[in-house]
Amino acid sequence: MDAASDAAPEVTADATPDVTAAVSRRRLAIRAAVEQGLLSDAHPVVALLDVASVRESAARLRAAFAEVTAPGRPVLHAFAVKAASLVPVVRLLADCGLGCEVAGPGELALARAAGVAPERIVLDSPAKTTGELREALELGVALNVDNRQELERLDALLAPGALPSPPVSPVGLRVNPQIGGGGIAAMSTATATSKFGFALRDEGAREFVVRACVERPWITRLHCHVGSQGMPLEAMAAGVAATYELAEEINAAVGEQRIDTLDIGGGLPVNFASEEITPTFAEYARLLRDTVPGLFDGRYGLVTEFGRSLLAKCGLVLARVEYAKSAGGRPIAVTHAGAQVAVRTVFAPEAWPLRIAAHDGRGRPKEGPGLVQDVAGPCCFAGDLVARGRELPELEAGDLVALLDTGAYYFSTPFDYNSLPRPGVYGFTVGGDGGGGGGIGDGEDGEAPGNADGGRTDTVRFLTVRPPQTLDDVVAASGGAQRDALIAPRP
Ligand SMILES: *Cc1c(COP(=O)(O)O)cnc(C)c1O
């Protein structure tokens, strides 16, 4: 299942991520975005994605699991498309050897538009319609059944003759091991009352699941995803262990190995507090091997579904400070990055703090004494702040702010509030490498080569991932063509 790509950089599980090179590339890209006119009055906010970082991240994931799995065992790393629902990003990850996890018809369409083969796609929505189930089965897309009623629908669809040709989709059951929640309630999917999967500790549920599998030879997988962000690694591993024990119980009841693959979900947390990449895929993979050795002894195939941990640190939102003002003694930088690109941070600031980097109008990192200030967005509600009381170099009109670690779930999931146009998303490469290289050429203006602020901006190439929405697009997406729909026809 693991299709290697020639373009994948050589990375071992232990390779320390070259954070310094990534920071240099990011700073260079910020300056280049100004110099190459990406940011303008018409486009005062843009999103940037470091192509080399994405490739490195994917390579680290693959190396981490290659290290712990028995030789020849299939591993499918299915990228959770909701973390970056952008066709070129899915395409890039597919080129790095990843598949896709999708939750619904839109994400399935994106994965297919990106050219991902059906056998490398896993469908996981908790609310699949009969039509979606049928489509997945006809395509050969793997799916994980969420509940009893969905199982009954599959019974009907898989009855002989119900579909034109016998389906080849692997089918799994999503289980909720009910091991408890993590640091963010909204992201915890393994609480006693979570809406996802078969709740294993509920009365009679485990027996039901075992019997359901014994009676249905087409159920060959179990799936768990115990949470996203805020889950301790040990809790994630405990969820996988509980799922593995259930697989063993089912296989014992069947008398042969019916369950042949475990889908362990995603959810590796991201460090939003510093440049450091921690925890790493390698740490998690080793913890899994130590906690659930039977899963890695060669009898089981694996599917993973990481999203945030693959991309968060590869992207940023760059926005202009339009005005700098003060209210009640608090300095406020009014920028063009708010709830429309940082929904979670604005509405749940305690759970989703972001690092913000201050740059001057030419894109150079701003130095200077710290000043406690608010960083506000452009939306018309008071809570539209991406940082409150944050100490940063004093922001002035014309400066830039970079919202760091926003490569997953931020700009790719915009919020249409105030009809603000969706910003353009651009991949960038430095020095024409596009691969794993971090070289940024010679310094200019007397700066040392490799200096964080050095490098030649003309070596940065921007690649359009999603063009900025035009005002015509905004009108069209807002019923522009239905202008007279509500004007009663006159008799
Ligand atoms: C959201 C989700 C993922 C990805 O979670 P991350 O925290 O982004 O890794 C994986 N699987 C399922 C079922 C999900 O809902």
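The notes below deal with the structure included here. Note that this is a predicted model, so its numbers are computed, not measured. (Residues numbered from 1 in each chain as written. Predicted model: local features only at pLDDT ≥ 70, side-chain atom pairs only at ≥ 80, totals over all residues. Heavy atoms only, no water.)

## Concerning the side chain of Glu 305
Thinking step 1. Locating Glu 305 in the fold gives a position in the loop between strand E10 (301–304) and helix H10 (308–311).
Thinking step 2. A distance of 3.0 Å separates a polar atom in the side chain of Glu 305 from a polar atom in the side chain of His 223.
Thinking step 3. Discounting residues that sit within four places of it in the chain, Glu 305 has contacts with Ala 78, Ala 80, Glu 101, Val 122, Asp 124, Asn 144, His 223, Asp 263, Gly 265 and Gly 266. (Helix = DSSP H or I, 4+ residues; strand = E, 2+ residues; numbered from the N terminus. Polar contact = N/O pair within 3.5 Å; in protein donor to acceptor, adjacent residues only side chain to side chain. Contact = heavy atoms within 4.5 Å.)

## Examining helix H6 (residues 148–157)
Thinking step 1. Buried within H6 we find Glu 150, Leu 151, Leu 154 and Leu 157. With its buried residues spanning 115° around the axis, H6 presents them on a single face. Residues of H6 that are exposed and angled more than 90 degrees away from the buried face: Gln 149 and Glu 152.
Thinking step 2. On its buried side, H6 packs onto helix H5 (130–139), strand E5 (142–145), strand E6 (171–176), helix H7 (205–215) and strand E8 (219–223).
Thinking step 3. Residue Asn 147 occupies the N-cap position of H6, its side-chain oxygen lying 3.1 Å from the main-chain nitrogen of Gln 149. (Buried < 20%, exposed > 50% of the residue type's maximum accessible area, 1.4 Å probe, protein only. Arc of directions from axis to C-beta.)

## So, the site of the ligand
Thinking step 1. As a matter of local geometry, the ligand sits amid 15 residues, with Lys 82, Ser 228, Glu 305, Arg 308 and Tyr 409 nearest to it.
Thinking step 2. Backbone polar atom of Gly 267 to an oxygen atom of the ligand: 2.8 Å apart, as the coordinates give it.
Thinking step 3. Arg 308 places a main-chain nitrogen or oxygen 2.8 Å from an oxygen atom of the ligand.
Thinking step 4. Here the ligand loses 94% of its free accessible area of 390 Å² to cover by the protein chains.
Thinking step 5. A breakdown of the residues in the shell around the ligand according to their chemical character gives three nonpolar, six polar and six charged. (Near = heavy atom within 4 Å. Areas by Shrake-Rupley, 256 points an atom, 1.4 Å probe, with all protein chains shown as cover. Nonpolar A, V, L, I, M, F, W, Y, C, P; charged D, E, K, R; others polar.)

## Things to note about H5
Thinking step 1. Taken as a whole, H5 has its buried residues at Glu 132, Leu 133, Ala 136 and Leu 137. One face of H5 carries all of its buried residues, which in axial projection span an arc of 135°.
Thinking step 2. Against the buried residues of H5 lie helix H4 (105–113), strand E4 (121–123), E5 and H6.
Thinking step 3. Gly 140 sits one or two residues past H5 and shows a positive phi near 90°.

## A few points about the pairing of strand E13 (residues 356–359)
Thinking step 1. Residues of E13 alternate between two faces, with Ile 356 and Ala 358 on one and Ala 357 and His 359 on the opposite face, all of them buried.
Thinking step 2. Two strands pair when backbone bridges link them, and E13 and strand E16 (residues 400–403) are joined in this way by four bridges, in the antiparallel orientation. Note on E16: the bridge partner recorded for Ile 356 is Leu 403. (Pairing = 2+ DSSP bridges.)

## Side note on the nonpolar core
Thinking step 1. In this structure, Phe 65, Phe 79, Leu 295 and Leu 311 are the most contacted members of the largest nonpolar core, which totals 118 residues.
Thinking step 2. Here this core takes ten residues from helix H8 (residues 233–254), the largest share from any one element.
Thinking step 3. Setting aside its immediate chain neighbours within four residues, Phe 79 contacts Ala 84, Val 90, Leu 93, Leu 98, Gly 99, Cys 100, Glu 101, Phe 306, Gly 307, Leu 310 and Leu 311.
Thinking step 4. Ile 30, Leu 38, Leu 316 and Val 460 belong to the second largest nonpolar core, which has 20 residues in total. (Core = buried A, V, L, I, M, F, W, Y, C linked by side-chain atoms within 4.5 Å.)

## Considerations on unusual backbone geometry
Thinking step 1. Cis geometry marks the peptide bond from Thr 278 to Pro 279; its omega dihedral reads -5°.
Thinking step 2. You can see Pro 279 is positioned in the loop between strand E9 (261–263) and helix H9 (281–291).
Thinking step 3. Non-glycine residue Tyr 409 carries a positive phi angle of around 70°.

## Considering the pattern of salt bridges
Where charged atoms of side chains with opposite charge meet at close range, the side chains can pair.
Thinking step 1. Under the counting rule described, the total for this entry stands at 24 salt bridges.
Thinking step 2. For Glu 150, the salt bridge identified is with Lys 128, shortest N-O distance 2.8 Å. Of this pair, Glu 150 sits in helix H6 while Lys 128 sits in the loop between E4 and H5, and the two are 22 residues apart along the sequence. This pair shows no difference in class: Glu 150 is buried, exactly as Lys 128 is.
Thinking step 3. Of the charged contacts in the structure, one is a salt bridge between Glu 396 and Lys 366, with a shortest N-O distance of 2.7 Å. Taken together, the residues span a long stretch of sequence, with Glu 396 in the loop between strand E15 (385–393) and E16 and Lys 366 in the loop between E13 and strand E14 (370–376) at a distance of 30 residues.
Thinking step 4. Residue classification places Glu 396 among the partly exposed residues on the basis of a relative accessible area of 43%. (Salt bridge = Lys/Arg side-chain N within 4 Å of Asp/Glu carboxyl O.)

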